[in-house]
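Fold and geometry: a report
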Amino acid sequence: MPITRIIASLKGGVGKTTLTAAMAGELAERGKRVLILDCDANLPFKLWQNSEFVPPEIDIAPISNSRDLLRAIALGKQEFDEILVDLPAGGSQLMVNAVAHSDVVCIPFRAAFLDVKEAIATRHVCFDISREFRKAPAFVVCVPMALTALHLRERITREAVELLHSDPDLVATSGTTDRTAYRQLFNPETGGATLYTLPDTVTNIVSSRAQIAFLVSHIDDLRRRHQEIFGIHGRQPDEAIT
């Protein structure tokens, strides 16, 4: 059954598009047909559309409103194994529709205290949407990005970790560390690429591939456990939201 993964955050600049690109590349490497729904007004994935370094298993569709989003998700489930929705920052009707029709919500955050605070706030928004429009809670996971910063800013690290631990129901997974390889995913000189189509000479490319592979597998394990707990088997929202 196709899986719809939402990448969301109330805060901008936390790595939503980077995480979407990295996950799409990993899923394509596993032989999955992947549809990326680019909901950002800046259309960051436009760089990928004609790139020879983006595998044919990945397709991209720009999305500007909720009606187009719902239609794309419905049609995408007929042709693709995975649908990744890269949402713009902030709460919006797009976010409501996306979360209501999701199998997984990934919330990336960086090492700063404010980023952790916004990640927790985003999680609560997602649960509010679930309670209103779904029969079971959405599976929401927080994904730490650029964790090297955690070792460089000890004061913020302690505050951020304490804040994460203050929410006992928060689910977090492993994340990314060095950002060197991830910056190359949207290199205008190459036209965009996945971690697997970048050359092996890129700094830390091997470890970056291993991190994203583990991340996707970990998220899927947690998602299946969530489904078992709540008895979810492809359930749809109670009603479409327009």
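Residues numbered from 1 in each chain as written. Predicted model: local features only at pLDDT ≥ 70, side-chain atom pairs only at ≥ 80, totals over all residues. Heavy atoms only, no water.

**Topic: the packing of aromatic side chains**
Worth spelling out the cut-off: Ring pairs shown here join Phe, Tyr and Trp side chains whose ring centres sit within 6.5 Å, with only the six-membered ring taken for Trp; geometry is labelled stacked below 30 degrees between planes, edge-to-face above 60, and tilted in between.
Enumeration according to the criterion identifies three aromatic pairs in this entry. Following the ring pairs from residue to residue traces out a cluster consisting of Phe45, Trp48 and Phe186.

**Let's talk about the pattern of salt bridges**
The condition is simple: Any Lys or Arg side-chain nitrogen found within 4 Å of a carboxyl oxygen on Asp or Glu counts as a salt bridge. Secondary structure elements are defined from DSSP: runs of H or I of at least 4 residues count as helices, runs of E of at least 2 residues count as strands, and each element is numbered from the N terminus. Each residue's exposure class comes from its accessible area (1.4 Å probe, protein chains only) as a fraction of the maximum for that residue type: buried when under 20%, exposed when over 50%, partly exposed otherwise.
Counted according to the given criterion, the structure contains nine salt bridges. A salt bridge links aspartate 81 to arginine 33, with the shortest nitrogen-to-oxygen separation between them at 3.2 Å. Taken together, the residues aspartate 81 in the loop between helix 2 (66–79) and strand 4 (82–86) and arginine 33 in the loop between helix 1 (16–29) and strand 2 (34–38) connect sequence positions 48 residues apart. What makes aspartate 81 partly exposed here is its relative accessible area of 25%. With a closest N to O distance of 2.8 Å, arginine 209 and aspartate 200 form a salt bridge. For aspartate 200, a relative accessible area of 56% translates into the label exposed. Taken together, the shared-partner salt bridges in this structure form one network comprising Arg5, Glu82, Asp220 and Arg223.

**Examining the nonpolar core**
Convention followed: For the purposes of this section, nonpolar cores are sets of buried Ala, Val, Leu, Ile, Met, Phe, Trp, Tyr and Cys residues that join through side-chain atoms within 4.5 Å. Here, residues are in contact when the closest pair of their heavy atoms is within 4.5 Å.
Of all hydrophobic cores here, the largest spans 36 residues; its most connected members are Leu19, Ile58, Cys106, Leu195 and Ile219. Residue assignment for this core shows that the elements contributing at least two residues are strand 1 (3–7), helix 1, strand 2, strand 3 (58–62), strand 5 (104–109), strand 6 (140–144), helix 7 (180–183) and helix 8 (205–230). Ranked by residues supplied to this core, first place goes to helix 1 with seven residues. In this structure cysteine 106 touches Ile6, Ile7, Ala8, Leu19, Met23, Val141, Val143 and Ile219, once residues within four positions along its chain are discounted. Ranked by size, the runner-up nonpolar core spans 33 residues in total, among them Ile73, Phe80, Phe133 and Leu163.

**Here we look at the pairing of strand 2**
Rules: Pairing between strands is defined by DSSP: at least two bridges between them are needed.
A large share of strand 2 lies buried, amounting to five of its five residues. Of the two faces of strand 2, the one lined by Val34, Ile36 and Asp38 and the one lined by Leu35 and Leu37 are each fully buried. Bridge count for strand 2 against strand 3 is five bridges, and the pairing is parallel. Counted as the bridge partner of isoleucine 36 is isoleucine 60 from strand 3. Bridge count for strand 2 against strand 4 is five bridges, and the pairing is parallel. Opposite isoleucine 36, over in strand 4, you have leucine 84 as the bridge partner.

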